[in-house]
Amino acid sequence: METPEVLGTSTRAQYALPDDKTDLAAVRAWAGKLLGDLSEDVRLDVLLVCTELASNAYEHACGPRSVRVQRLDEVVRVEVDDGTPADLPRLGESRLGDLRGRGLVLTAAISRCWGTREADGGKTVWAEILIA
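Residues numbered from 1 in each chain as written. Predicted model: local features only at pLDDT ≥ 70, side-chain atom pairs only at ≥ 80, totals over all residues. Heavy atoms only, no water.

Asks: Would you mind going over the confidence of the model for the chain in detail, with residue names and values included?
Replies: Averaged over all residues, the pLDDT of the chain equals 87, while 85% of them reach at least 70. No element of the chain has a lower mean pLDDT than helix H3 (residues 103-110), at 88, and none a higher one than strand E3 (residues 75-82), at 96. (pLDDT = per-residue confidence, 0-100. Helix = DSSP H or I, 4+ residues; strand = E, 2+ residues; numbered from the N terminus.)

Asks: Could you give me a rundown of the nonpolar core, with the residues and numbers involved?
Replies: Nonpolar side chains tend toward joint burial in soluble globular proteins. Counting residues in each nonpolar core, the largest one holds 29 residues, and the members touching the most others are Val 67 and Val 69. Among the elements of the structure, strand E1 (11-17), helix H1 (24-34), helix H2 (40-60), strand E2 (65-71), E3 and strand E5 (122-130) are those that each provide at least two residues to this core. At nine residues, H2 tops the list of elements feeding residues into this core. If we ignore the near neighbours within four places in the chain, the residues touching Val 69 are Leu 7, Thr 11, Arg 12, Ala 13, Trp 30, Ala 31, Leu 34, Leu 35, Cys 50, Val 76 and Arg 77. (Core = buried A, V, L, I, M, F, W, Y, C linked by side-chain atoms within 4.5 Å. Buried < 20%, exposed > 50% of the residue type's maximum accessible area, 1.4 Å probe, protein only. Contact = heavy atoms within 4.5 Å.)

Asks: Please set out the pairing of strand E4 (residues 113-119) residue by residue, giving values where relevant.
Replies: Alignment of E4 against E5, held across seven bridges, turns out to be antiparallel. Each residue of the ladder has a partner; that of Trp 114, found in E5, is Ala 127. Between E4 and the antiparallel strand that follows it, E5, lie two residues; Gly 121 among them carries a positive phi value of about 75 degrees. (Pairing = 2+ DSSP bridges.)

Asks: Lay out the side chain of Ser 66 with the relevant residues and their values.
Replies: By the secondary structure assignment, Ser 66 is in strand E2. Ser 66 gets classed as buried once you look at its relative accessible area, which sits at 7%. Those residues in contact with Ser 66 that sit more than four places away from it in its chain are Gln 14, Tyr 15, Ala 16, Leu 17, Glu 79, Val 80 and Asp 81.

Asks: How would you summarise the packing of H1 against H2 if you had to cite specific residues and measurements?
Replies: H2 packs onto H1 with a crossing angle of 145 degrees between their chain directions and a minimal axis gap of 9 Å. Regarding H1 and H2, the two cross each other, and that crossing is right-handed. Each of Leu 24, Val 27, Arg 28, Ala 31 and Gly 32 in H1 lies in contact with H2, whose residues at this interface are Arg 43, Leu 47, Leu 48, Cys 50, Thr 51, Ala 54 and Ser 55. (Axes fitted to C-alpha atoms, helices over the stretch in contact; angles between N-to-C directions. Left-handed = near helix turned anticlockwise from the far one by under 90°.)

Asks: Before we move on, could you go through the packing of aromatic side chains and cite the residues and values that matter?
Replies: Within the structure shown, the criterion is met by one aromatic pair. Here the aromatic rings of Tyr 15 and Trp 30 are separated by 5.3 Å at their centres, their planes lie at 40 degrees, and the arrangement is tilted. Of the two residues, Tyr 15 sits in strand E1 while Trp 30 sits in helix H1, which places them 15 residues apart along the sequence. The ring of Trp 126 is capped by Arg 77, whose NZ or CZ atom sits 4.2 Å from the centre of that ring. (Phe/Tyr/Trp six-rings, centres within 6.5 Å; stacked < 30°, edge-to-face > 60°. Lys NZ or Arg CZ within 6 Å of the ring centre and 35° of its normal.)

In structure tokens:
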């Protein structure tokens, strides 16, 4: 799918995350370009959610991984897919230690709602950020 220059209402774009390296800056640049016409506050919230969810996919799951951004009338929906179905994230908990586990807390605070859904061979973690 070709990525539009700016994401219009009711459209979505997908970014395949590389398996060989974590490149969160590229994800942020991609999403930032898609949402360039939104207010800076909303755009920065979406970029933070993209970063947190993609980072979790690298830290806690196997590939393949991808990020989708969909713009609806009142929200931007961010979805991150990974290849680990059984390991659903839980708010404020990390299997990597007590100093971790804040990414979903931030995502929950910024987002209107968030959640997970299992899929064949993986899962999707998603969040919706209000535009207005």
